[in-house]
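Remarks on the overall topology
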Amino acid sequence: HLATSLPLPSERDHLRPRIDLVVFMIDIKSKYSLKNVETSLAHVDASFFLGKVCFLVTGVGRVNACSIETNAVCKLGEAYCSPVLFCELELEGIRVTTAQRLVRMLGICAGHTPGVSALSFVSLMRKSDDD
Amino acid sequence: DPQKTAFLLRKAWTLYSVTPLYGFCRARLRDYARLLGAFIAAEKQKGLAVEVGGELDIKAALSSLADLRGSERDQAALLVQLSSRSRASSRSSEDKPVWSGWFCSVFGDDLSENVPEHFTCLPLFLTHGAETYTALVGSWFQKTFDCCFRRLAISPLNLSWMVAMWAGCKLDRAASAVELVFSVPRLSHPLDISYAIHPEDAKALWDSVQKTPGEITQEEVDVFMDCLYAHFHRHFKIHLSAAKLVKVSTAVASAHCDGIIKILHSQYLPGVLMLLTELAISQIQ
């Protein structure tokens, strides 16, 4: 399910399936997308931040078109205890790999991977980030 | 000092980053000029440099600009000038400048302190004149000193630093407007938005944002830009933050994201060059 911002319209609440993972997409070429994500974060229930939220920064292949400082996004990830993934959607290989990563994460968040919970997975990712 | 650097002002310079030059010797500038001239003549013979007025001879001249540097640790700037002389006349007063380029380093310690012997660090290269001559001079330097040139693009992030810094500069004369040009992506017809701000308003805004004079932080630049975006949105309901900032213009200097700069005020020349040197070094590393 795709949305341009949160909160989601309340009319369809009763039709909506359970949400297992929220991926916030930030376009490194658009400051507006970062502001939009920051405003939308306020509408997410706190329980999601136990491993069911991740930030996806797109457009990182184009260093010369950066409108956002990567530090700012990393700080956002730290503040919300959620991983930050970087990708370039214009390159098919990276697009496919990123999609596979997200599907793997979604599987864990939905409880389909025995022995691994969303929270334990996210702390694993953060440990490797610090290294 | 201002006399010698006057030729740098009010010209559009195209920016490149250059890796350190190997085996460059300051004493041999005359030799280099001769070799460069011969190289250009040879390339013209091969028909590779097709310029209007093929009967013109191109003469090269290299000189040092000792004052154009940040600290004593920087190398003095190197100026390369190409001038044409019609074969009909042999008087040197008839030389017409056709292209100029200069290498410089202003507080480029980040690069020069880590470089082995025999390397000369002049990471910033600025050119003015036909692209064919830039290519010729570039390839001669590459062949002779084993260095590498790359166009220096300026990201919207860096352009916003520049406009914040320069809008806050104190100028005695009446200043020209602060202008930001945005390009709107993903439309069937490209759309450019030009946002002009009265220089006094821009300076007043920056002065209210900057906490420590002489120091600038990313947060302060963000607040400055957000104020400009919010003001524009209030009036036109357009989010400039979603568009791409492509050019900034102030009374101090103007810069384009393709790596083109124009410096208008000699007082701020070192400051602008220092910023550009930093950008060039981060592109090299």
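Starting afresh in each chain, residues are numbered from 1 along the sequence in its written order. In the order they appear in the text, chains get letters beginning with A and ligands get numbers beginning with 1. The predicted origin of the model limits local features to residues at a pLDDT of at least 70 and limits the giving and counting of side-chain atom pairs to 80 or more, whereas totals for whole chains, interfaces and linings rest on all residues. Side-chain measures were taken over the full set of non-hydrogen atoms in the model, leaving aside hydrogen atoms and water.

Quick word on the environment of B:Val221
Residue and element names in this part refer to chain B. Here is the rule we go by: Only DSSP runs of H or I reaching four residues or more are called helices, and only runs of E reaching two or more are called strands; each is numbered from the N terminus. Only protein chains enter the accessibility calculation, which uses a 1.4 Å probe; a residue whose area is less than 20% of its type maximum is buried, one above 50% is exposed, and one in between is partly exposed. A contact between two residues is defined here by any heavy atoms of the two lying within 4.5 Å.
Structurally, Val-221 can be placed in helix 7 (residues 218-236). Judged by relative accessible area, Val-221 falls into the buried class, the value being 1%. Placed 39 residues apart in sequence, Val-221 and Phe-182 show a C-alpha to C-alpha distance of 17 Å. In this structure Val-221 touches Ser-160, Trp-161, Ala-164, Trp-206 and Ile-216, once residues within four positions along its chain are discounted.

Overview of the interface of chain A and chain B
Heads up, the condition is: Buried area adds together the accessible area that both of two parts lose upon being put together, with accessible area traced by a 1.4 Å probe. Any carboxyl oxygen of Asp or Glu that lies within 4 Å of a side-chain nitrogen of Lys or Arg is treated as forming a salt bridge with it.
Listed per partner, the contact involves 12 residues of chain A and 13 residues of chain B. Where chain A abuts chain B, roughly 1,100 Å² becomes buried across the two surfaces, and 53% of that area is made up of carbon and sulfur atoms. Among the residues chain A hides against chain B, the three largest losses belong to A:Lys31, A:Tyr32 and A:Asn64. Together they make up 49% of the total. Applying the counting rule to chain A against chain B returns three salt bridges. Between B:Asp226 and A:Lys31 there is a salt bridge, with the nearest N and O atoms lying 3.4 Å from each other.

Some thoughts on the side chain of B:Asp74
Residues and elements named next belong to chain B. Under the convention used in this document: Counting of polar contacts relies on pairs of N or O atoms within 3.5 Å, with two restrictions inside protein: one atom must be capable of donating a hydrogen and the other of accepting it, and residues adjacent in sequence are counted only when both atoms are side-chain atoms.
Within the fold, Asp-74 resides in the loop between strand 3 (56-65) and strand 4 (77-86). Only 3.0 Å separates the side chain of Asp-74 from the backbone nitrogen of Ser-71, close enough to count as a polar contact. Once you skip the residues sitting within four places of it in the chain, Asp-74 turns out to touch Arg-69, Ser-105, Val-106, Phe-107, Gly-108 and Asp-109.

Concerning the pattern of salt bridges
Any two side chains of opposite charge can pair, on the condition that their charged atoms come close. Residue and element names in this part refer to chain B. What the rule picks out here adds up to 11 salt bridges over all chains. With a closest N to O distance of 3.4 Å, Asp-31 and Arg-28 form a salt bridge. Look at Asp-31 and you get partly exposed, because its relative accessible area is 29%. Residue Arg-28 is classed as partly exposed on the basis of its relative accessible area, which comes to 38%. Salt-bridge contacts for Arg-34 lead to Asp-31; the nearest nitrogen and oxygen are separated by 3.2 Å. Of this pair, Arg-34 and Asp-31 both sit in helix 2 (residues 29-45), separated by three residues, roughly a single helical turn. Among the residues examined, Arg-34 registers a relative accessible area of 55% and is labelled exposed.

Observations regarding the sheet that holds strand 2 (residues 53-58) of chain A
Residue and element names in this part refer to chain A. How we decide: For two strands to pair, DSSP has to find at least two bridges joining them. In this analysis an axis means a line fitted to C-alpha atoms, helices contributing only their contacting stretch, and an angle means the value between N-to-C directions, from 0 to 180 degrees.
Pairing within the open sheet is parallel, and its three strands lie in the order 1-2-3. Each of the sheet's edge strands pairs with one partner strand only, and the pair in question is strand 1 (22-27) and strand 3 (84-86). Strand-to-strand, the axes of this sheet are offset by a mean angle of 25°, without reference to chain direction. Strand direction decides the pairing type here: strand 1 and strand 2, joined by six bridges, are parallel. Each residue of the ladder has a partner; that of Met-25, found in strand 2, is Leu-56. Sheet strands touched by helix 2 (residues 70-79): strand 1, strand 2 and strand 3. Its angle to strand 3, the strand with the most contacts, is close to 145°.

Some words on the nonpolar core
In a soluble, globular protein the nonpolar side chains are often hidden away together inside. Residues and elements named next belong to chain B. Under the convention used in this document: Residues enter a nonpolar core if they are buried and are Ala, Val, Leu, Ile, Met, Phe, Trp, Tyr or Cys, with the set joined through side-chain atoms within 4.5 Å. Per the annotation, domain bounds derive from an automatic or database assignment of domains.
Counting residues in each nonpolar core, the largest one holds 58 residues, and the members touching the most others are Met-162, Leu-180 and Ile-261. For this core, the element with the highest residue contribution is helix 8 (residues 269-284), accounting for seven residues. Each of two domains, domain 1 (2-151) and domain 2 (156-257), supplies a minimum of three residues to this core. Not counting residues up to four positions away in its chain, the partners in contact with Met-162 are Ile-154, Val-248, Ala-255, Leu-275, Leu-276 and Leu-279. In this structure, Tyr-32, Phe-125, Tyr-133 and Leu-136 belong to the second largest nonpolar core, which totals 28 residues.

Observations regarding the domain arrangement of chain B
Split by domain assignment, chain B resolves into domain 1 (2-151) and domain 2 (156-257). Look at where the C-alpha atoms of domain 1 of chain B and domain 2 of chain B centre, and you get two points 33 Å apart.

Thoughts on the packing of aromatic side chains
All names here are of chain B. Rule in force here: Ring pairs are drawn from Phe, Tyr and Trp, using the six-membered ring of Trp, whenever the two centres fall within 6.5 Å, and their geometry is named by plane angle: stacked under 30 degrees, edge-to-face over 60, tilted for the rest.
Counted by the stated rule, this structure contains 21 aromatic pairs over all chains. Centroid distance Phe-232 to Phe-236: 4.7 Å. Interplanar angle 40°. Geometry classified as tilted. Separated by four residues within a single helix, Phe-232 and Phe-236 lie in helix 7, roughly one turn from each other. We classify Phe-236 as exposed; its relative accessible area is 52%. Three or more aromatic residues joined by ring pairs make a cluster, and in this case those are Tyr-16, Phe-24, Tyr-32, Trp-99, Phe-103, Phe-125, Trp-140, Phe-141, Phe-145 and Phe-149.

Description of the side chain of B:Ser71
Relative to the helices and strands, B:Ser71 resides in the loop between strand 3 and strand 4. If sequence neighbours within four positions are ignored, B:Ser71 has contacts with B:Phe107 and B:Asp109.

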